[in-house]
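# Descriptive structure summary
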Protein chains: 2
Amino acid sequence: MEVKVVKHILEANERIASQNRTLFDDKGIVVLNLMGSPGAGKTTLLERTIEALKGSTTMAVIEGDITSSHDAERIAAHSIPAVQINTGGACHLDGNMVRDALAELTLDGIELLVVENVGNLVCPAEFNMGEHHKVMIIATTEGDDKPEKYPLMFQVSQVLLLNKIDLLPHLNFNMERFREEAHKVNPKLTIMPISCTTGEGLEAWFHWLEEKTTGKA
Amino acid sequence: MEVKVVKHILEANERIASQNRTLFDDKGIVVLNLMGSPGAGKTTLLERTIEALKGSTTMAVIEGDITSSHDAERIAAHSIPAVQINTGGACHLDGNMVRDALAELTLDGIELLVVENVGNLVCPAEFNMGEHHKVMIIATTEGDDKPEKYPLMFQVSQVLLLNKIDLLPHLNFNMERFREEAHKVNPKLTIMPISCTTGEGLEAWFHWLEEKTTGKA
């Protein structure tokens, strides 16, 4: 019986996600679902991205957290429209939560909307919200064995941002192994090593975003 | 309707967890539920703990992962009985999964059983498995804002191991803020700063384990 209910929830979610997607396409907004473990650097990446795209791309952000409005406040401090979703316990965002948050945003004129998911390398990978691209961020400090252990997130993502490469000299992280295992799970995954602290590698990420927003990919 | 089903699942889980607990108590085994994000250092902590307790405490380990037997193999290499649970997608262990794994272990003579949960700072906090103590491990690299954002894990844990303190000089981590926020969520939480790389702080953890296993908690 449980399986039926889960299926029902997933189907209902797909329906709402597809309605969200229609809205995004009508408005010409490129939408990213940004996922990763707690502390991988999702909000810091967004802060760096907002600063870099200022003047060229109009952005908005939806922040997903179990509780608190800490992250939305960090984003709003950069003068970007930000809405906080509090899931109240749920470990991922879904189409319905994002739909409710969209009602709080003025979408006209927005070119890029990033939805930062709840910090979790597992469940967010299962739920679409109508986004165009799933982007995962993982820190070098999480270890090079993650693709084998959390494959779904790697499978569903188009881009993997490997953050905190500035800490590599202090870690036992095998970059070759990581790349190999990640591509074993998803041969099409674009891997970008970055550091939100030093800024290294971020140009490639900004370039990718530019391509997607100007091409309305 | 979904809520009813969830309640049903949680109630069924509590019943199985309580049966597990009776078994643990009958056998005189102290059982820990070790939880934390992917890459917080759960398996490495276990490896250090096994080496330190060798000769004084008889240990066994149950490893929880979505897929792969990577972690159980790491543990078994230390000549400790290890069973791998593959959840096949589920983002946490529950009483039933642990009961099935117990059937694969010879429990007589075991003094300490550690169950390493799936890497996730959210859902594992909701499910008991019959353990005596919940222990969470979090890395300094995950940031000092986690107690506010993932409060349940901090609330249900008795011990918090703050790992990777060797990386503090390279991070923007406010230890005072972290301690304060963690104790705001759970004033009784025992916080132990450790480094599984340098070994710093691990004596306090071994001492805590010794107290719990000799006093049978």
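For the structure given in this document, a descriptive report is provided here. (Residues numbered from 1 in each chain as written. Chains lettered and ligands numbered in written order. Predicted model: local features only at pLDDT ≥ 70, side-chain atom pairs only at ≥ 80, totals over all residues. Heavy atoms only, no water.)

This part takes up empty space enclosed by the protein. By the definition in use, this model includes 1 cavity of 30 Å³ or more. Residue lining of the largest cavity: 14 residues in total, with Thr141(A), Glu142(A), Pro38(B), Thr141(B) and Glu142(B) positioned closest to the centre. A class-by-class count of the residues in the lining of the largest cavity yields 5 nonpolar, 5 polar and 4 charged. (1 Å grid on protein atoms, 1.4 Å probe; cavity = no way out; pocket = protein on both sides within 12 Å on 5 of 7 lines; lining within 4 Å. Points joined across faces, edges and corners; volume = space filled by probe spheres on them. Nonpolar A, V, L, I, M, F, W, Y, C, P; charged D, E, K, R; others polar.)

By the secondary structure assignment, Leu10(B) is in helix H1 (residues 2-27). With sequence-adjacent residues up to four places away left out, Leu10(B) is seen in contact with Glu126(B) and Phe127(B). (Helix = DSSP H or I, 4+ residues; strand = E, 2+ residues; numbered from the N terminus. Contact = heavy atoms within 4.5 Å.)

All names here are of chain B. Here 7 strands make up an open sheet; going across it, the order is S3-S2-S4-S1-S5-S6-S7 and the pairing parallel. On the outer flanks of this sheet lie strand S3 (82-86) and strand S7 (190-193), each paired with one strand and no other. Between one strand axis and the next, the sheet turns through 20 degrees on average, direction left out of account. Contacts from helix H2 (residues 42-53) reach strand S1 (30-35), strand S2 (59-65), strand S4 (112-116), strand S5 (133-139) and strand S6 (159-163), with the element oriented near 175 degrees to S2. Relative to the sheet, helix H8 (residues 202-214) contacts S1, S4, S5, S6 and S7, its axis offset from that of S1 by approximately 145 degrees. (Pairing = 2+ DSSP bridges. Axes fitted to C-alpha atoms, helices over the stretch in contact; angles between N-to-C directions.)

Take the pairing of S7(B) next. Residue and element names in this part refer to chain B. Relative to S7, S6 runs parallel, the two sharing 4 bridges. Directly across from Val-159, in S7, lies its bridge partner Thr-190. Note on the crossover from S6 through helix H7 (residues 175-185) to S7: the handedness is right-handed. (Right-handed = clockwise from strand over helix to strand, strands pointing away.)

Another point: the sheet that holds strand S2 (residues 59-65) of chain A. Residues and elements named next belong to chain A. Here 7 strands make up an open sheet; going across it, the order is S3-S2-S4-S1-S5-S6-S7 and the pairing parallel. Unpaired on one side and paired on the other, strand S3 (82-86) and strand S7 (190-193) mark the two borders of the sheet. On average, each strand axis in the sheet is tilted by 20 degrees relative to the strand beside it, whichever way the strands run. Where S2 meets strand S4 (residues 112-116), 5 bridges bridge the pair, whose relative direction is parallel. When the bridges of S4 are listed, Ala-60 appears paired with Leu-113.

From the geometry alone we can't say anything about function, so treat these as descriptive.
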